[in-house]
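# Coordinate inspection notes
Each chain is listed here by its residues.
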Amino acid sequence: MEKYDPRVVEAKWRERWEKGRVNEVDLEKAQRPFYNLMMFPYPSAEGLHVGNVFAFVGSDIQGRYRRLLGFDVFEPMGFDAFGMHSENFALKTGRHPATMVPKNIERFREEQLKKMGLMLAWDCQVDTTIPEYYRWTQWMFLTLYKNGLAYKAKGPVNWCPGCQTVLAKEQVIDEKCERCSSVVEKREMEQWFFKTTAYQDELLDALETLDWSERTKLAQKQWIGKSVGADVIFQVEGGPKFTVFTTRPDTLFGATYVVFSPEHPLLDEIATPAARPALEAYRQTAQSVSETDRQDEKREKTGVFTGAYATNPVNGARVPIWAADYVLMGYGSGAIMAVPAHDGRDFAFAKKYNLPIVQVVSSPPGTSVEDEAWAGDGRLMNSGEFDGLEAKTDGLSKIVALLAGRGLAEPRTHYRLRDWCVSRQRYWGPPIPIVYCDKCGTVPVPEKDLPVTLPFIEDFKPDGSGFSPLHRQKDFYETQCPRCGGPAHRETDVSDNFLCSAWYFYRYPSTRFDDRPFDAELTRKWLPVDLYVGGNEHAVLHLLYSRWLCRALYHAGAIDFPEPYRKFVAHGIIVKDGGKMSKSKGNIINPDEYVSEFGADSFRLYLMFMGAYLEGGDFRDGGVRAMKSFLDRFVAAVSPKAGPLSPEPPAGAETLYWLHSTVKSVTQDIERFSYNTAIARLMELVNYLTKHKIRLREISATAVRLLAPFAPHLAEELWEELGNGETVFKSSWPTYEEEYIRRPQVEYVVQINGKLRDKLLLAVGLTPEEIEPLVLQSPGVAKWLEGKTVVKKIFVPDKLVNLVVK
RNA sequence: GCGAGAGUGGCGGAAUUGGUAGACGCACUGGCCUUAGGAGCCAGCGGCCGCAAGGCCGUAGGGGUUCAAGUCCCCUCUCUCGCACCA
């Protein structure tokens, strides 16, 4: 069989697309805008990762499909090139990011991305490291500052000793740095923060309205971590009052002790002299433990009695006050009421230190709160006047109301979300546009003076001083106050790379404007993004930051929509031979090798065929070759060069059925990102055409357009061979007619007692009365009926007959 | 621990509302073609029994609902992901 040469075909169409500007869209004139966004990569020196290609191709298929449907599709690409991923790599390899990054970008674009057959509008490329871009990143910072959403404050922050910078909470994974995996330390430092908590409720509530992958929404919901409950005031016997936060005020009668975090400031005041030495010792160990061994989840609970007692406000009970490190200072009030009968942690602690357990919510029969805490629903008991009430509803609100009336409780909501720490003590990022003046204090750099240019410095290595390397640059550090003209110095921290990526999609349609971050009219026309495809690892990083920034810009009146993405789809992860790819295993897939041997079309096709796009897949060598051979068979079946095509429209019912049902399936499969099954349907069509030697022009024209989103180069070549216009992507998506998909005859499944016994080819639309004699006569059925009586008959129209016999 | 998702041939993976389990592909086996092939074509390919026709079993394990269960319900096990002494 003759084979096509992907090198020739793909080079030809790459050139034509570029020359004919086929991938560009007229941003002003577009009538049916569709903004198809994919998460931009950071241009690593290793080159494009197969995971990137997988993500981009799946997104590109949507873009090309929408284009064939008649949309004006804008599919831009850019490079997220500031930040520690680039900088750390440069440090490791002894290069300078300022020279390394442009080379990497060039290679990504020219050698890799352009060869993948992506429908990218390169006119609108974004590079976050050029002054024309980061000038507006700094503008974002200033806009947030002016709206009271950026502030500098001293507090405990996460310090990565490997990267020598602070990190945001979101960038600490299991106590480790997201980038270098060093164990992160807590440090008291003064840092810049963005007030993400200002919109925590909006960000949470709006999740309900978003057309996003559920798991992504869930991750954000958990991260925001809203807990509704109440603050309850306890009184230390002969001492001060203090507050505990609880989500279960209904269990207040079961609070048999209270626990303070070891860091709680009140401990010094209330601890009895006798208990002090033990308390001090415990605080010392607690501090060291929390630094080193916090990941150990099964760590046994520890604590120490303070010698003091408090009064339970609801019943006046005398309860001991303990200090224990299972209570965190950073959440709620740093103190809790312990209800061992109804909280697992309190239960474990009470058992260990022999503290009383009082059940106040009924548990299911056969369970005992002496064995295990019961956190489920039930009715109140041992709770005085509240006995019998449904605990979590009526009981809860009535107990809170009682205490609130005495000024001892108030409804309260806590969140796990923290403000976004955005300062980085590093070099490779956009300088924070702030100046400190002895006279004027903190002064934002005026907009007209932007950008604050990142100076080229030879030695950009962090020095462990806790300051950015920019701090060592006198000509950068020393400046004049923009307000009074007096001597001043610049902020030397740069901002978190996630600020660069929080707004890049506003920039794409407006890259040609030098005087504004994004053009109001184009933004109105193209945003929010219609479809965003990316990895779920950014559920609480990029996706949360960019949602937050969008809200900030919305409230500042800069844009007129509160959410940046109409639809977000999280693609799956590719593994190799059932396991993760890693350098140590030496099983990293190099996309270039496959593309140069089999062509981008085959590579795209295999990546999409491997598994469900939303779930990822398992990459096996050999798969790409199989796709090439499928494309060869495709060419043989539909190309006029492979043999004459009949110009007649397809007359046979069977052929029409295949044609139309394939169009229907492929269309529906693309809509639901089920690319593997769409490709399978195309294979079936080719198998059918080949087997029956059916060669019709109309079928070829349809099949080529169905293939186009997946294998664009070859589709163009075949479209041209079929004598059509300049590009298949200016044609249209094939349509189907249901009437051809309905077949005149269907294969009935005949079951006896639910077991398959025969299959009968029958005309569609028969009634049960018409079918019954046919079924009873069929030899496959008759033998099962001998000596039996039919007691029940099930008819599923055009599908199945089930006879229940005895 | 809490939450979410998943478990189907030798392998990757398919199966609208419960209605033919294993589509499509890989690997493998046999045959054809070829000087040769990491090429192409034809056929087979869940397990067990059988020459065959056919039969029995089979979607992690156990129970249930139903004429009918991969699909719905309950229990158990395993894996992946997210959060994690968050009160």
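Cut-offs and rules
Residues numbered from 1 in each chain as written. Chains lettered and ligands numbered in written order. Predicted model: local features only at pLDDT ≥ 70, side-chain atom pairs only at ≥ 80, totals over all residues. Heavy atoms only, no water. Helix = DSSP H or I, 4+ residues; strand = E, 2+ residues; numbered from the N terminus. Buried < 20%, exposed > 50% of the residue type's maximum accessible area, 1.4 Å probe, protein only. Contact = heavy atoms within 4.5 Å. Areas by Shrake-Rupley, 256 points an atom, 1.4 Å probe, with all protein chains shown as cover. Lys, Arg positive; Asp, Glu negative; His and termini not counted. Charge placed at Lys NZ, Arg CZ, Asp CG, Glu CD. Expected span 1.5 Å × (residues − 1). Core = buried A, V, L, I, M, F, W, Y, C linked by side-chain atoms within 4.5 Å. Pairing = 2+ DSSP bridges. Phe/Tyr/Trp six-rings, centres within 6.5 Å; stacked < 30°, edge-to-face > 60°. Lys NZ or Arg CZ within 6 Å of the ring centre and 35° of its normal. Near = heavy atom within 4 Å. Polar contact = N/O pair within 3.5 Å; in protein donor to acceptor, adjacent residues only side chain to side chain. Nonpolar A, V, L, I, M, F, W, Y, C, P; charged D, E, K, R; others polar. Right-handed = clockwise from strand over helix to strand, strands pointing away. Axes fitted to C-alpha atoms, helices over the stretch in contact; angles between N-to-C directions. Salt bridge = Lys/Arg side-chain N within 4 Å of Asp/Glu carboxyl O. Arc of directions from axis to C-beta.

### Examining the overall build of chain A
Across its full length, chain A carries 26 helices and 32 strands. Taken along its principal axes, the extent of the C-alpha atoms in chain A is 100 × 90 × 50 Å. Residues classed as buried in chain A amount to 54% of the 806 residues present. The long-range share in chain A, meaning contacts at least 24 apart out of those at least 6 apart in sequence, stands at 71%. Surface summary for chain A: the accessible area is close to 35,300 Å², and the carbon and sulfur share equals 51%. Taking the average location of the 100 positive side-chain charges in chain A and that of its 107 negative ones, the two points are 2 Å from each other.

### Here's the deal with the side chain of threonine 196
Its place among the elements puts threonine 196 in the loop between β9 (185–194) and α6 (200–207). For threonine 196, the residues in contact, after removing those within four places along its chain, are Leu203, Leu417, Arg418, Asp419, Trp420 and Trp548.

### A closer look at helix α20 (residues 653–671)
For α20, which comprises 19 residues, the first-to-last C-alpha distance of 27 Å matches the rise-based estimate of 27 Å (1.5 Å per residue) to within 8%. For α20, the full list of buried residues reads Thr655, Leu656, Tyr657, Leu659, His660, Ser661, Thr662, Val663, Val666, Thr667, Asp669 and Ile670. Phenylalanine 673, located one to two residues past α20, shows a positive phi value of around 60°.

### Let's talk about the nonpolar core
If you look at the biggest cluster of nonpolar residues, it comprises 178 residues, and the most contacted ones within it are Tyr506, Phe603, Leu607, Phe619 and Phe710. In contact with phenylalanine 619, other than residues within four places in its own chain, are Ile574, Val575, Lys576, Asp577, Ile589, Tyr594, Phe603, Tyr606, Leu607, Met610 and Val624. Of all hydrophobic cores here, the second largest spans 53 residues; its members include Val232, Val314, Leu380 and Leu408.

### Concerning the sheet that holds strand β26 (residues 567–571)
If you trace the five strands from one edge of the open sheet to the other, you get β2-β1-β25-β26-β10, paired in parallel fashion. The open sheet terminates on both sides in strands that have one partner only, identified here as β2 (72–74) and β10 (211–212). Relative to strand β25 (residues 531–535), strand β1 (residues 33–38) runs parallel, the two being bridged by three bridges. Along β25, the bridge assignment pairs leucine 37 with tyrosine 532.

### As for the packing of aromatic side chains
Applying the stated rule across the entire model yields 57 aromatic pairs. Sitting over the face of the ring of tryptophan 13, arginine 16 holds its NZ or CZ atom 4.7 Å from the ring centroid. A cation over an aromatic ring shows up here: lysine 628 above the ring of tyrosine 4, its NZ or CZ 4.7 Å from the ring centre.

### Describing the protein's contact with RNA strand B
By nearness alone, 53 residues border RNA strand B, and Thr247, Lys301, Tyr326, Arg345 and Lys759 come closest of all. Take threonine 247: an N or O atom from its main chain is 2.3 Å from a sugar or linking oxygen of RNA strand B. Interatomic distance of 2.5 Å between a backbone N/O atom of tyrosine 326 and a sugar or linking oxygen of RNA strand B. Per-element tally for the surface near RNA strand B: the top contributor is helix α21 (residues 675–691), with seven residues. Its residues assigned to classes, the surface near RNA strand B comprises 20 nonpolar, ten polar and 23 charged.

### Focus: the pairing of β1
A regular strand carries its side chains on alternate faces of the sheet. Within β1, five of the six residues are buried, which leaves it mostly tucked inside the rest of the structure. For the crossover that starts at β1, traverses helix α2 (residues 50–68) and ends in the parallel β2, the hand is right-handed.

### Side note on the sheet that holds strand β23 (residues 487–490)
Reading across from one edge, β21-β20-β23-β22 is the order of the four strands in this open sheet, with antiparallel pairing throughout. Only two strands of the sheet have a single partner each, and these edge strands are β21 (441–444) and β22 (478–480). For this sheet, the mean inter-axis angle between neighbouring strands, taken without regard to orientation, is 40°. Where strand β20 (residues 434–437) meets β21, four bridges bridge the pair, whose relative direction is antiparallel. Bridging across to β21, valine 435 finds its partner in valine 443.

### What to know about the pattern of salt bridges
The full count for this structure, using the stated rule, is 52 salt bridges. Among the ionic pairs, arginine 620 bridges to aspartate 618, the shortest N-O distance being 2.4 Å. Residues lysine 793 and glutamate 772 are paired through a salt bridge, measuring 2.9 Å at the closest nitrogen-oxygen approach. With lysine 793 in strand β31 (residues 790–796) and glutamate 772 in helix α25 (residues 768–777), the pair connects residues that are 21 residues apart, well separated along the chain. Classification of lysine 793 as partly exposed rests on a relative accessible area of 40%.

### So, helix α17 (residues 591–598)
Residues of α17 that are buried: Pro591, Tyr594, Val595 and Phe598. End-on view of α17: buried residues confined to an arc of 100°, all on one side of the axis. Here α17 starts with a cap whose side-chain oxygen sits 3.0 Å from the backbone nitrogen of aspartate 592, and that cap is asparagine 590. Directly beyond the C-terminal end of α17, a positive phi value near 95° is found at glycine 599.

### Looking at the pairing of strand β29 (residues 745–752)
Across eight bridges, β29 lies against strand β30 (residues 755–763) in antiparallel orientation. By the bridge assignment, valine 750 is partnered in β30 with aspartate 758. The hairpin formed by β29 and β30 contains two residues between the paired strands, and asparagine 753 there has a positive phi angle of roughly 50°. Bridge analysis of β29 against strand β32 (residues 800–805) gives four bridges, and the strand direction is parallel. Note that in β32 the partner of valine 749 across the bridge is leucine 800.

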